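# Structure at a glance
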Amino acid sequence: MDIEDRPDLNIGSPWSEMDLFDLANCVRLRQPIEEIAGFLCRSRREVRDMVDELGKTGKLGKRVAETAAGAKDPR
């Protein structure tokens, strides 16, 4: 089996709004795909495909901005 498609808990499941929020937040924080996939319990390929899909439709930037606006100031 290709490591990109390693089975995980949520693989093949529809993406919830919370999944998409978490994905955007992870992208905003520049986390590696491997960490994002582990956090979301999805395959690396599934995460890459969703990032590509959201990027092509222009929704990724909007979602990243929304997560940034909701982020707390660490000070």
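Residues numbered from 1 in each chain as written. Predicted model: local features only at pLDDT ≥ 70, side-chain atom pairs only at ≥ 80, totals over all residues. Heavy atoms only, no water.

### Brief notes about the overall build of the chain
Stated precisely, the cut-off is as follows: Under the DSSP-based scheme used, a helix requires at least four consecutive residues in state H or I and a strand at least two consecutive residues in state E, with every element numbered from the N terminus. For each residue, the accessible area found with a 1.4 Å probe, counting protein chains only, is set against the maximum for its type, and the residue is called buried under 20%, exposed over 50%, and partly exposed in between. Throughout, a residue-residue contact means that at least one pair of heavy atoms, one from each residue, lies within 4.5 Å. Accessible areas in this description were obtained via Shrake-Rupley with a 1.4 Å probe; residue shielding takes into account the shown protein chains only.
Scanning the chain from N- to C-terminus turns up 4 helices and 0 strands. Mapped from its N terminus to its C terminus, the chain presents α and β elements in the order α-α-α-α. Here the chain holds 75 residues, and 28% of them are scored as buried. Counting contacts in the chain only where the partners sit at least 6 residues apart, residues at least 24 apart contribute 68% of the total. With an accessible surface of roughly 5200 Å², the chain has 54% of that area assigned to carbon and sulfur atoms.

### A closer look at the pattern of salt bridges
Defined as follows: Between Lys or Arg on one side and Asp or Glu on the other, a salt bridge is scored when a side-chain nitrogen of the former is within 4 Å of a carboxyl oxygen of the latter.
Tallying each qualifying case throughout the model produces 3 salt bridges. Among the ionic pairs, Arg63 bridges to Glu17, the shortest N-O distance being 3.2 Å. A residue pair is termed long-range when its members are at least 10 positions apart, and Arg63 in helix H4 (residues 59-70) and Glu17 in helix H1 (residues 17-28) qualify at 46 residues. By relative accessible area, which is 18% here, Arg63 ends up buried. When its relative accessible area of 54% is taken as the criterion, Glu17 is described as exposed. For Arg42, the salt bridge goes to Glu46, with nearest N and O atoms at 3.1 Å. The residues Arg42 and Glu46 share a single accessibility class, namely buried.

### Brief notes about the packing of helix H2 (residues 33-40) against helix H3 (residues 44-57)
Cut-off, in case you're wondering: Fitting a line to C-alpha atoms yields each axis, with helices limited to the stretch in contact; the angle taken between N-to-C directions then spans 0 to 180 degrees. Each angle gets one of four labels, with under 35 degrees taken as roughly parallel, over 145 as roughly antiparallel, 65 to 115 as roughly perpendicular, and the rest as oblique. Each residue gets one label: Ala, Val, Leu, Ile, Met, Phe, Trp, Tyr, Cys and Pro are nonpolar, Asp, Glu, Lys and Arg are charged, and the others, such as Gly, are polar.
Viewed as axis vectors pointing N to C, H2 and H3 meet at an angle of 105°, and their least axial separation amounts to 9 Å. By the angle between their axes, H2 is roughly perpendicular relative to H3. On H3, the residues touching Ile33, Glu34, Ile36 and Ala37 of H2 are Arg44, Val47 and Arg48. Taken together, the residues of the contact of H2 with H3 sort by class into 4 nonpolar, no polar and 3 charged.

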